[in-house]
Every structure is written in structure tokens, then in C-alpha cells.
Number of protein chains: 2
Amino acid sequence: MIKDLTAIVGDAYVLTGSDTEKWSHDWIRKYHYSPLAVVRPATTQEVSDIVKWANRTGTPLVPISGNTGLAGGGRADGAVMLSLDRMNTIREVRDASRIAIVEAGVVLADVHAAAEQQDMIFPLTFGAKGSAMIGGVLSTNAGGSNVLRYGNTRDLVLGIEAVLPNGEIMNIMSELHKDNSGYNLKHLLIGAEGTLGIITAAVLKLHPKPKAYATAMVAAPSLPAALDLLNRLQEATGGAVEAFEYMPRHHIEAYMQIKPGAREPFDAPYDVNIMVEVGVTAPRDATPGPDGQIPVTGYLEDVLAQMFEEGTVLDAVVAQSQAQRQDMWERREAAAEIAMSRLPIVSNDIALPLDKVATFLEIMETRLPQVDPAAQPVIVAHLGDGNIHYTVWPGSQDEDVHDAIMEATEEEVLKLGGSFSAEHGIGTSKLPSMRRRKNPVALQTMKAIKAALDPNNILNPGKLLP
Amino acid sequence: MIKDLTAIVGDAYVLTGSDTEKWSHDWIRKYHYSPLAVVRPATTQEVSDIVKWANRTGTPLVPISGNTGLAGGGRADGAVMLSLDRMNTIREVRDASRIAIVEAGVVLADVHAAAEQQDMIFPLTFGAKGSAMIGGVLSTNAGGSNVLRYGNTRDLVLGIEAVLPNGEIMNIMSELHKDNSGYNLKHLLIGAEGTLGIITAAVLKLHPKPKAYATAMVAAPSLPAALDLLNRLQEATGGAVEAFEYMPRHHIEAYMQIKPGAREPFDAPYDVNIMVEVGVTAPRDATPGPDGQIPVTGYLEDVLAQMFEEGTVLDAVVAQSQAQRQDMWERREAAAEIAMSRLPIVSNDIALPLDKVATFLEIMETRLPQVDPAAQPVIVAHLGDGNIHYTVWPGSQDEDVHDAIMEATEEEVLKLGGSFSAEHGIGTSKLPSMRRRKNPVALQTMKAIKAALDPNNILNPGKLLP
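Definitions and cut-offs
- Residues numbered from 1 in each chain as written.
- Chains lettered and ligands numbered in written order.
- Predicted model: local features only at pLDDT ≥ 70, side-chain atom pairs only at ≥ 80, totals over all residues.
- Heavy atoms only, no water.
- UniProt positions renumbered as here; feature names shortened; annotations may be inferred.
- Patch = residues over 30% accessible without salt bridge, like charges linked within 9 Å, V, L, I, M, F, W, Y side chains within 5 Å.
- Areas by Shrake-Rupley, 256 points an atom, 1.4 Å probe, with all protein chains shown as cover.
- Salt bridge = Lys/Arg side-chain N within 4 Å of Asp/Glu carboxyl O.
- Buried < 20%, exposed > 50% of the residue type's maximum accessible area, 1.4 Å probe, protein only.
- Pairing = 2+ DSSP bridges.
- Helix = DSSP H or I, 4+ residues; strand = E, 2+ residues; numbered from the N terminus.
- Axes fitted to C-alpha atoms, helices over the stretch in contact; angles between N-to-C directions.
- Contact = heavy atoms within 4.5 Å.
- Least-squares fit on C-alpha atoms with pLDDT ≥ 70 in both.
- Buried area = accessible area lost by both parts, 1.4 Å probe.
- Polar contact = N/O pair within 3.5 Å; in protein donor to acceptor, adjacent residues only side chain to side chain.
- Nonpolar A, V, L, I, M, F, W, Y, C, P; charged D, E, K, R; others polar.

- Going by what an unreviewed UniProt entry lists, chain A is known as FAD/FMN-containing dehydrogenase and is assigned to Thalassovita litoralis.
- Recorded under Sequence similarities (unreviewed entry), the UniProt text for chain A is reproduced unchanged: "Belongs to the FAD-binding oxidoreductase/transferase type 4 family."
- For chain A, the Cofactor (unreviewed entry) comment in UniProt is given as "FAD".

**Some points on a nonpolar patch on the surface**
Here comes step 1: Together, Met1(A), Ile2(A) and Leu36(A) make up an exposed nonpolar region whose accessible area comes to about 230 Å².
Here comes step 2: Assessed through its relative accessible area of 38%, Met1(A) is described here as partly exposed.

**Focus on the sheet that holds strand β16 (residues 349–351) of chain A**
Residue and element names in this part refer to chain A.
Here comes step 1: Pairing in this open sheet of 7 strands is antiparallel, and the strands run β15-β12-β14-β13-β17-β18-β16 from one edge to the other. With partners counted over all chains shown, the strands left at the sheet margins are β15 (315–318) and β16, one partner each. Neighbour to neighbour, the strand axes of the sheet diverge by 20 degrees on average, direction disregarded.
Here comes step 2: In terms of strand pairing, strand β12 (residues 212–220) meets β15 through 4 bridges, oriented antiparallel. In the strand pairing of β15, Ala216 is matched with Val318.
Here comes step 3: Running over the sheet, helix α13 (residues 357–371) touches β13 (241–248), β16, β17 (376–382) and β18 (387–393) and is turned about 15 degrees from β18.

**Some points on the sheet that holds strand β15 (residues 315–318) of chain B**
All names here are of chain B.
Here comes step 1: The strand order across the open sheet formed by 7 strands is β15-β12-β14-β13-β17-β18-β16, and the pairing between neighbours is antiparallel. The open sheet has two free edges, formed respectively by β15 and β16 (349–351), since each of these has just one partner strand. Pairs of neighbouring strands in the sheet enclose a mean axial angle of 20 degrees, with direction left out of account.
Here comes step 2: With 7 bridges joining them, strand β13 (residues 241–248) and strand β14 (residues 272–280) adopt antiparallel strand pairing. Its bridge partner lying in β14, Glu245 is registered against Met275.
Here comes step 3: Contacts between helix α7 (residues 223–237) and the sheet are confined to β12 (212–220), β13 and β14, with β13 contributing the most and set at about 165 degrees to the helix.

**Some remarks on the relation of the copies chain B and chain A**
Here comes step 1: With an axial shift of 0.0 Å and an RMSD of 0.0 Å, the rotation relating chain B to chain A amounts to 180 degrees. Taken together, the rotation and translation relating the two chain copies correspond to the operation of a two-fold axis.
Here comes step 2: Both copies present the same face, since 100% of the interface residues in chain B are matched by interface residues at the equivalent positions in chain A.

**Some words on the interface of chain B and chain A**
A common way to express how large an interface is: the accessible area buried when the components associate.
Here comes step 1: With 73 residues of chain B in contact, the opposing surface of chain A contributes 73 residues.
Here comes step 2: In total, about 5800 Å² of surface goes out of reach between chain B and chain A, with carbon and sulfur atoms giving 57% of it.
Here comes step 3: Our enumeration of links across chain B and chain A arrives at 4 salt bridges.
Here comes step 4: For Lys178(B), the salt bridge goes to Asp385(A), with nearest N and O atoms at 3.5 Å.
Here comes step 5: At the junction of chain B with chain A, the criterion picks out 29 residue pairs in polar contact (both at pLDDT 80 or more).
Here comes step 6: Elements supplying a minimum of two residues to the side of chain B that touches chain A: β9 (169–172), α6 (185–189), α7, α9 (283–286), α10 (295–310) and α16 (440–453) of chain B.
Here comes step 7: Among the elements that line the side of chain B that touches chain A, the one with the most residues is α16(B), at 10 residues.
Here comes step 8: Of the residues contributing to the side of chain B that touches chain A, the split by class is 32 nonpolar, 28 polar and 13 charged.

Structural data, given as C-alpha cells:
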């Protein structure tokens, strides 16, 4: 095996034994595993050769890039791990057509930096941006904090290159905004978690860089009041709200514990803390008015002042500098670190219709203690798109109780028309949920597609599909 | 057969012989065919029963809704046509969550009207909107004039209900903005032209209704100058350009011929005529300024005035009333009617990288006469997204020459990184192009998926896949 693989990528890029330590656990160290080997190809052709070899020898392959997934999609027991980290070239950033052409191993933050150098943005962003790589970002259809305005990963991809389960290279690196020539295979592979192909490169859509941001922390008396704030801000800004993030009191408290000396959002503690960010591109909007204010900040302050008068906003702080804005984002992006600060966790990444989020959280206040009286939820939510990270620190160490927490959560989510996996995907952690809750016709269709494209079950077997 | 079908839908809804006349040709009467029967189910369950019957009896089914396709996707020789026209209920339009839930037989214009009643829009629009129905709109991933701002059909759909080739009903009518629970089957069925399933209902995304539109006809000295106009307008409006439509001189002349007495866009004829529309939602932008102008019109006029000074705009007329705006749209939307006013036509619906459109048209000025000296192009283009409807009135009546025109067009398109089918799809008319030009690995993958999901080749056989 090792000989075959070194023949493809060279001696230095096949790792075994203790050299694979870095690849033998996930980011939050929930899963530990022992890949047969880690192979690090440098080109799409090498990826193709490895996949063909895997088919010949019947060896399961687990593709990995930044390894920041939260659902166990990178577990690699009895499999060869195929790391895309060496394929890290940003091939092109083009201003006129607003695209970036990047390889799978490029770190998300490096895409951000390359776009900004040409006064554009790649809007997709989330806590793990400094490690997450484009291959995994696409394979999990990552979401994050800007979905409200710019959509999920799939909405930001024009074309892909991928190695299919049979080892063929499929080059559909289109730069086109319209292309109706057959089934949309790009959307099939995006979010397929490496089970239908290994994405090796992509054409990404860039957006004009907002000329001004207004960012604020707002304390609201309730979640419905927070939703009202969102709707009024969307109306006042013509839909320019980019982030609308909910942090309950316990998130703030936990943040202060892991970052002693960090700034508290308000002088007093509140239950419903919202971080809101508005971005505007039109230069006319970005010209400071006679009062010296950039109007976009004005919109935000007008709405906040009015709602403060009405009592529908309890307190608000608008960032007055880039440093203050950064503080607000860091507080939100610490969510994964906070969750991991106490183990074990039961992780639920769920989506609900917007107007059902408050209902769900109320129901769980009764339901959760019934399952595990000492359980403690540690929640943050992308409130603007109905996505709650409903993490629980269980009181019990019994894994059956952990499963029961997850089942109870899902049950309530599905009753309200939601999804048991909003943006983290399925991996292995949500396989029981797929089995229990996924529409059976959809599931059967997925299995038929997987069997047709990967008859030897080579690519990331045992993931996504129960 | 008739007995089986009437048992499912009732006597009145199975048509044969001369009763099928309406369903025996496409909209532009390019294709004529004789369906074995036309069956008109009223419910998803009836659609399912028909598909199961088709599998049992090995009868090909051709789904049809508004029958406004331009690629022969509805041709039904030796097949039963399944018309969705009776499934025409708008089930819900919800303001708070900005969605419409509609059945496949709802006419696009009726979706527009229902959304507008609640001060929202369903932005997708094109010439055939008064006949095209949602089922076909989704199955062809229709484009149109607003893609620049709002995306293609697939970008405006949250969930679907579909009957799969085996007759199973797949209900994935999600209202969620994030859902990463397995392969994205919605995107697989959208644009599959009824070959992988019959879409019976959908959850559509609505948008806030722009508070103000500014619409103008602009004469530019060249296509590159027109592109410069687009970029400057996007910058001045923060990306609020909704339509940017190119009409060459011959389109205007042809329009005057089919609509005698219609208004000419300018006093003098120009080669490069652009219809541009900007829409703004923010109320602050829609408040008339001290000069009585709504600022969005101001943006447009500022840019146009400046470019007129520079000589990069030759003439411009801004619509001063809804009637004038309507005139401008009618002139553009007459494109299909103009093309059809002289038969036969060679229809090329192509997409190019934005900065290659002018290059392509220049090349074709030389290339087309080499293939057919008397051929005459009748072009319109969604210039903002690189989509050209490169229709040709051939000089020769020889079908081989028509094929040669199409092949020459495709060859030049693909050399420039474009697509031979931007928004009209494949149907039967582009099957030779799929065979010749589609990425062979992608094509083989599509065939594997079709074989896996429709092993009896029941749904719309002979379409999309060569």
C-alpha cells in the first residue's frame, strides 16, 4: 500500500504511524481514529491516481482539508486519509468578473485576504476561518454568519473541479452565471461531504466590498422583540443586514470566563444579546453627512433610538472603531471554543422557520430537564436565518442520556418544520438522525445516487448516509 | 390504456385524438407531435398513480405545464403527456417569512400578482410569463431579465414536492434557509427537464418590493461602453441594477414592423440600445429629495449625464411614468415574437464571460456569412449576466446549413469559455450540442444518475441526455 501511494505522491507525502497524529482526531477532539496512512497529493492528477488505486485495492478513502468539521465527517478508521492541504494555490482573483479561482487546500481566511486586496470580499465567514479550507467548506456547504445576506457556500460557487469516485476528473470550472446544460452536478457535490467526489478546485463568486459597516450589540427584552428589530432594520437599510447573531446571557458569561479581561457588552447583564451588522456598498450611502456620521450608522442608530424609546430595545452599543467591531465579532466567534471548554457536549445544529425559534427554545426549557435534570444549554444562533447551535452540556455522563437529549431536540425541531442539521452536515454524528428523521423517499434517492456513482463505496464510506 | 388513466383522473381529464390539438405542438410551432393521450391529474397522488402505471406498462411520460419551452423538451411522440395545468392552486403567500407555496400549474404572472398583493415580488420574469407555469419554470431553471440581481430560478426556491420516476412522492417542501441534511435533491431536480421527477409544488422565496424603479433606454457607442455603463451604475447604486438588456438596431427595426405605431426608443436609430432598470427598496432612498426627484432616478441620471458629456453615452431616455416603463419592457419582451415572425430560425441561447460578449459578436460577423452568406442574426442579450439569445434567420432552407450555423456558433462560444445553453435548456434541440460539447465525464455522471433513478426510462425519455 505505502509503496503504491509513494509511487504517486513521493516518499515525503505518505505518512504513517506517529506521523499521522495531527490527522488522527477531529478539531474538538471528540473523535479519535487511526488512519491506515495519510496521503498528501499536490495535484488533481495525483488525487485521481489515488482514487483509482483505492478502487483497484478496495481501500476506503477519507478526504480531509482543514479538519474543522464538527460532525465527524473526517473519521478515518481503517481508511487512507487523503489530505488536500498541499493544493493551496489561489490561481486567480479577477476584478472585472468578480471571481476567485482557488484550490481545495486554500484556507478560507486566505481567500478573504486575497479578495480584499482587490477591494472585494468573499463573504462566507465563520469561527474556524483561519483553519478551514475551501475543499471542506464546499463539501459541507458551510454556512456561517453572513448567510442572511449572501447565502450559503453553494450560492457563492460558480464552478468546481472534482475527482469522482471512479477516479475520473470532472472539470466544470465554469465562470458563467447562467448554464442550463444538463443536471446541476456542482450542487450535487457541494454538501455531499466527500461521498460523491473530492472537490479539488473551485470558481468562487466575490462581492463588492461594503464601503461602510455599522456593527452594534443590542440587548432586547425578548426574542420576538429581536425579530422585530431585524425586520425594521431590513426595511430601513433595503436588506443590507449582514449578520444578526443571538447570544444568551450564559454565552456572555462563559466568554468572560474563557477570556478574562475581555470587554462585557453592556454595564448590566441581559438575557437576549444581539450582534447586528449592516454593510452598504453604494458610495453615496458611505459619504459622511453634515453631522459627520456615515448614513448607514445613522440608519442603525435611528432604529435603535426609536426602539429604545418604545422599550423594545433595552440597551445598545454601536461600534465606534474597527477595534470595537472586532471585539464584538470575537465574542460571537468564540462559540465553538466555549462549547468545547467543558466536555462532553451534545451538539445540535438545527434550523427552524424564523418565527418558531422562540417557541422552540421555550419548549426546550421544559423538555430538556425532563431528559437530564442537570443539563445546561450553551446556545448561540444565526437568528436571521433561523439557525440555532443548540449545544448542551449534559449533567449525566451516560451516553444513552446524551442520545436522548439529541432525540428530544430533534423531535421538537421536526414538529416545528425544522431541520436536524442546518449547516454542520451529517458526518457520523447525525447518522442516527438521518435514519430516524430524514424523509425516507429522499434518503432512498440519495442511496441510489451514491450506489450509482460509487459502486465500490470508496469515498468517505459510512458518512452522511446511514 | 385510456381505461387505466380515466380510472385515475376521471373521464373528463384524459384527452385523445383531436382533443389533444393544443398539446400537439410547441409554442413557436417548431415541433409537431402526436401524444398517445393527454392526462390531466388534479393532485400529487394522481400524478404518482400515473407514474406508477407508466412503469408497470412501460409507457413513456412527458410532463408539461405552460408549454412555453423553446428547446423541444415537451415533444411527446409515442408518449402520454402529463399536463399539470389543473394543479394551479396558490396554497399560501406568507409575509413574515417571505414565501409563496404554489402548485406546478400556477402561471408565473399569477405568482407575481399574488406576491404584489402583499407588497412583495417574485422577481423571476421573462416574456412568456403569462403562460409559463411554475412546474416548467423550475424544471428548466428558467432565467430571464432579473437574474443579474436575484439569480436564476434555483436561487428562488426553498423547497419542492416531486413525483420521482418510480412514482414515489418526495416531499421536501422546506421553508428553511439552511438545511445540510444530505445531498441537495432540490437542485438536482431543478433544471432536470422532468427527466428525474415531476415537480408538483414548490416553496418560493419572495423579495421586498422595490419602492422605486428607474428605467431608461440608453444608446451606447459600443458594447464595451455599455459594459462600462453597467459597472458604473452598479457602483453608484450599490448593486441595485435589476435588468441590463441589449437590443441591436435590427431588433428595434423588427419590433417596429410587428408593432406598427409603437414608440421608437430614440429620434435617431442606434446600433447599441440598452434597457436598464434599477430598483431600490430602502425607504430612505425612495423619499423624493428637495428637487422632487426620487434619488434612485437621480443616480441613473447622474451617471448618464456624466457619460453623455464624455461621449460614452450617445442618447438616453429615462421613463417618466409607469406607461413609459411598460413600453420599454414590451419592446424587450417581444424578442421571441420577433424571432418567430419569420421561420425557420436557428436558435442559440448561449452564455459567455461578461467581457467576452463583444468579442464573440465580432467573431460571428465574419464566421456566420462563411456558413450561410444570407443568414441574418436577430439578437437580444441579458448583457448583465452574459447571456445572448443568438437567433439566426438562415438564408438557406437546408437543414444541414442550419446545423452548421449552430455548430459554428457553439464552437466559437466554447472557445471563449461559454455555454451552448444558458437558460433555455437542452430538450431535444440541443441534444447534438450535448453530444458534441458537454464535458464527457459530466455527461457520463448524468447518465449514471438517470439510470439509477429511472431504470425503465419512463420520464421524458430522449430529452436532455443524448
